[in-house]
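Results of the structural survey
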Amino acid sequence: MVELREFEPADGRLLATWVDGPVELWRWSGKNFSWPLDEQQLAAYAAESATPLRRSWMAVDPRDGRAVGHASVRVDAAAAGGRLGRVLVAPEARGKGFGAAMVAGVLTRAFGELGLERVELGVWDDNAAAVRLYEGLGFVCDHVLRDVTQHAGRSWSAMQMSMRRSSWEAGASSGLS
Ligand SMILES: CC(C)(COP(=O)(O)OP(=O)(O)OC[C@H]1O[C@@H](n2cnc3c(N)ncnc32)[C@H](O)[C@@H]1OP(=O)(O)O)[C@@H](O)C(=O)NCCC(=O)NCCS
């Protein structure tokens, strides 16, 4: 349903148009970016994505070649682990299955060509769409960092979720993922 291609520096501008304010930016990336999402931050992100420490992709709708999503994995090669992040679907493309298809594609690569044994992530506990997406693919909540930070006048709790290669492969072979 989606194809993945490598994230390139020129894609940064498109990402910025998908995040329409500071709260959206916070929901998407927590402390990793600050508002406004400017070229300097995006260039640094693109530069990191060009190193072995991070792999970042754009998801493309094969029917028209339009970019519809973005996701990234920070790689800890020594631990054979990765942290999935920056999961974002273009606002007009949400709710159509692109997010789930994109993350499934990322996991196929993470457990395949990247050779990872475990992929983890953090998601704000009130982000219903993201939590449902991750749980639907087989991520399990390991623990919740309750009220872990204050931002925009309220406290935020972060679910820490993970998936092991064996779970992904079991789901894939049963046709669940
Ligand atoms: C979270 C996000 C990536 C989901 O992408 P998406 O393409 O809309 O998701 P999908 O259409 O693939 O749906 C995935 C699941 O979430 C559910 N879902 C989608 N939107 C939902 C919503 N607003 N509320 C509750 N569930 C929702 C879908 O029903 C589906 O579950 P199902 O398969 O059991 O029916 C997208 O909403 C987004 O970019 N949000 C802003 C950035 C963000 O929050 N990123 C995550 C940071 S951790």
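Residues numbered from 1 in each chain as written. Predicted model: local features only at pLDDT ≥ 70, side-chain atom pairs only at ≥ 80, totals over all residues. Heavy atoms only, no water.

The protein chain has the name Protein N-acetyltransferase, RimJ/RimL family in an unreviewed UniProt entry, where Actinacidiphila yanglinensis is given as its organism.

1. A look at the site of the ligand
Contacts to the ligand come from 20 residues, most closely from Val87, Gly95, Gly97, Gly99 and Asn127. Arginine 94 is positioned with one of its side-chain polar atoms (N or O) 3.3 Å from an oxygen atom of the ligand. One of the backbone N or O atoms of alanine 100 is found 2.9 Å from an oxygen atom in the ligand. Looking at the shell around the ligand, the elements that each hand over two or more residues are α2 (22-29), β4 (81-89), α4 (98-111), β5 (118-124) and α5 (128-137). The biggest single contributor to the shell around the ligand is α5, with 5 residues. Residues belonging to the shell around the ligand are distributed by class as follows: 11 nonpolar, 5 polar and 4 charged. (Near = heavy atom within 4 Å. Polar contact = N/O pair within 3.5 Å; in protein donor to acceptor, adjacent residues only side chain to side chain. Helix = DSSP H or I, 4+ residues; strand = E, 2+ residues; numbered from the N terminus. Nonpolar A, V, L, I, M, F, W, Y, C, P; charged D, E, K, R; others polar.)

2. Overview of the UniProt feature "domain: N-acetyltransferase" (unreviewed entry) in the protein chain
Mapped onto this numbering, the UniProt entry annotates "domain: N-acetyltransferase" (unreviewed entry) at residues 2-166. Along residues 2-166 one finds 31% helix and 38% strand; the C-alpha atoms at either end are 24 Å apart. (UniProt positions renumbered as here; feature names shortened; annotations may be inferred.)

3. Concerning the pairing of β4
Counting buried positions along β4 yields 8 of 9 residues, so the element is predominantly enclosed. If you look at the hairpin formed by strand β3 (residues 66-76) and β4, you'll find 4 residues sitting between the two strands, and alanine 80 has a positive phi there, around 50 degrees. In this sheet, β5 lies alongside β4 in parallel orientation, the contact comprising 3 bridges. From the neighbouring strand, glycine 81 faces β5, where its bridge partner is arginine 118. Taking the sense of rotation as the criterion, the β-α-β connection linking β4, α4 and β5 turns out right-handed. (Buried < 20%, exposed > 50% of the residue type's maximum accessible area, 1.4 Å probe, protein only. Pairing = 2+ DSSP bridges. Right-handed = clockwise from strand over helix to strand, strands pointing away.)

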